[in-house]
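The residues making up each chain are set out below.
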Amino acid sequence: MARPSPPPNRLFPVVDDCLVVGGIPLPQLAQRVGSSPFYAYDRALLNQRVAELRQALPDAIALHYAIKANPMPAVVQHMAAIVDGLDVASGGELQVALDTGIDPSTVSFAGPAKQPWELSMAIAAGITLNLESERELARCAQLGEQLGIPPRVAVRVNPDFELKGAGMKMGGSPRPFGVDAERVPAMLKRIGDLELNFVGLHIYAGSQNLRVESLMEAQAKTLELGFRLADHAPGPLQTFNIGGGFGIPYFPGDAPLDLAPIGEHLAHWLPRVREHLGDTQLVLELGRYLVGEAGIYVAEVVDRKSSRGQVFLLTNGGLHHHLAASGNFGQVIRKNYPLVVGNRVVGSEREVVTVVGPLCTPLDILGDKIELARADVGDLIVVFQSGAYGATASPGGFLGHPAVTEVLV
Ligand SMILES: *Cc1c(COP(=O)(O)O)cnc(C)c1O
């Protein structure tokens, strides 16, 4: 029995039963890349996603790309030109962001254990540091003094609410991220006493959310919390990063996010934002939503065999490149990512197969009892929804296979 079908491919065209990526039929793209497995990201789909967001969201909302989702330099370079800023989470990511030539004042850096060298880098670069603790604030002030540059700082707030299930749970929880909301007023006062350039607030409530209602509720609570905290700020907020968390559909039953109500809801809040905060720039920071659906992972069938009635396709790609698709990146119950045979999407014959990788572990599964066109050695297995948390979120060194290639087409 096949498992329920994951959401069908909505975004990549299929011509002559072949998937087309960046305008190139997949077999030709595979030749062009030169070796498999590989990740391919489609620039037209990146552009399309940003355009859809611009269309749905009020003009007053700035769009930032959280590069943790996909830090491939060519992707970051492409995104830098079409969004309003970049968010980084390490000194390494900061380097990639700065290499794009983006205006440093539109780059921000959040992360719970920033090391002194990372703080110095950020201060010297003139980007915004989202401060995650009182100690980080003190370090930052001291480093700024040593460098003779007033650091640009915002406070990352651990909100007093959280996203849980369908609704919002009041009360908040202990977290290593940000400063507890109740401690933020004192921290803002301290910032005012030091030689710091206060930029604003950053509140991030969660990730991979497909529920429009929860996202809107989180945004409302975030804005309200921001209004309250702004009264304690040492100056006007230049920016208020209200987080993101927009999800993409991976599994059966997942529906793509409807952006229209989210845009309308934010538009409805804007007058109150102006009333409480003046002309503060609101920022949405999105990772996966911007890049996740624009990328595929491609692996080649190396062997095909059957074991006690079950057909296995053994490929050269697996969890060492794509941990998330194997079900081992934060999933509780393993579900299949959407898969097709990229050079024979519908095919003339269909069958239920299990697609595995080359690693000698039962965890290395790309598709478990999934219906595909009948495939054989040399065919190309495509994993959709692979543009975010792919190559860099996988244990590339495990079992010593070659590193994965990435292309932007
Ligand atoms: C991880 C992270 C993001 C990106 O999350 P996505 O689910 O990829 O949108 C954005 N902001 C912060 C602070 C994060 O930690």
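Fair warning: this is a prediction, and the values are worked out from it, not measured in the lab.

Some thoughts on the packing of helix α2 (residues 43–56) against helix α3 (residues 73–82)
One way to put it is that α2 packs onto α3 with a least axis distance of 11 Å and a crossing angle of 30 degrees. Relative to α3, the element α2 lies roughly parallel. The way α2 lies across α3 gives a crossing that is right-handed. Of α3, the residues touching α2 (which contributes Arg43, Leu46, Asn47, Val50 and Arg54) are His78, Met79 and Ile82. Class assignment of the residues belonging to the contact of α2 with α3 gives a composition of 4 nonpolar, 2 polar and 2 charged.

Describing the confidence of the model for the protein chain
Taken over all residues, the pLDDT of the protein chain has a mean of 95, while the share at 70 or more is 96%. Between residues 165–170, whose pLDDT stays under 50, and residues either more than four places distant or in other chains, the model counts 19 contacts.

Description of the environment of Gln310
Within the fold, Gln310 resides in strand β17 (residues 310–315). Overall, the relative accessible area of 24% leaves Gln310 in the partly exposed class. A C-alpha to C-alpha distance of 36 Å links Gln310 and Leu45, two positions 265 residues apart in sequence. Setting aside residues up to four positions removed in sequence, Gln310 forms contacts with Lys305, Thr354 and Lys369.

What to know about the pattern of salt bridges
Enumeration according to the criterion identifies 16 salt bridges in this entry. Each of Arg10, Arg49, Glu52 and Glu293 takes part in a single network of salt bridges with overlapping partners.

A word on the environment of His202
Note that His202 resides in strand β13 (residues 197–203). Assessed through its relative accessible area of 2%, His202 is described here as buried. Excluding anything up to four places from it in sequence, His202 contacts Ala110, Asn130, Val155, Arg156, Val157, Asn241 and Glu285.

What to know about the sheet that holds strand β1 (residues 14–15)
The 3 strands are arranged β1-β2-β3 in an open sheet whose pairing can be described as antiparallel. Strand pairing shows two members of the sheet lacking a second neighbour, β1 and β3 (24–25), which therefore form its edges. Note that strand β2 (residues 18–21) and β3 share 2 bridges and pair antiparallel. Bridged to Val21 within β3 is Ile24.

Things to note about the packing of aromatic side chains
A complete count under the given rule lists 9 aromatic pairs for this structure. Between Tyr250 and Tyr337 the ring centres are 4.9 Å apart and the planes differ by 45 degrees, which places this aromatic pair in the tilted class. Residue Tyr250 is located in the loop between β14 (239–241) and α9 (259–277), and its partner Tyr337 is located in the loop between α11 (323–326) and β18 (339–341); the two are separated by 87 residues in the primary sequence. Given the relative accessible area of 4%, Tyr250 is considered buried. Residue Tyr337 is classed as buried on the basis of its relative accessible area, which comes to 4%. Through pairs of rings, three or more aromatic residues link up here, namely Tyr39, Tyr41 and Tyr297. One residue, Lys114, lies across the ring of Phe109, its end atom 5.6 Å from the ring centre.

The rules behind the values
Residues numbered from 1 in each chain as written. Predicted model: local features only at pLDDT ≥ 70, side-chain atom pairs only at ≥ 80, totals over all residues. Heavy atoms only, no water. Axes fitted to C-alpha atoms, helices over the stretch in contact; angles between N-to-C directions. Helix = DSSP H or I, 4+ residues; strand = E, 2+ residues; numbered from the N terminus. Parallel < 35°, antiparallel > 145°, perpendicular 65-115°, else oblique. Left-handed = near helix turned anticlockwise from the far one by under 90°. Contact = heavy atoms within 4.5 Å. Nonpolar A, V, L, I, M, F, W, Y, C, P; charged D, E, K, R; others polar. pLDDT = per-residue confidence, 0-100. Buried < 20%, exposed > 50% of the residue type's maximum accessible area, 1.4 Å probe, protein only. Salt bridge = Lys/Arg side-chain N within 4 Å of Asp/Glu carboxyl O. Pairing = 2+ DSSP bridges. Phe/Tyr/Trp six-rings, centres within 6.5 Å; stacked < 30°, edge-to-face > 60°. Lys NZ or Arg CZ within 6 Å of the ring centre and 35° of its normal.

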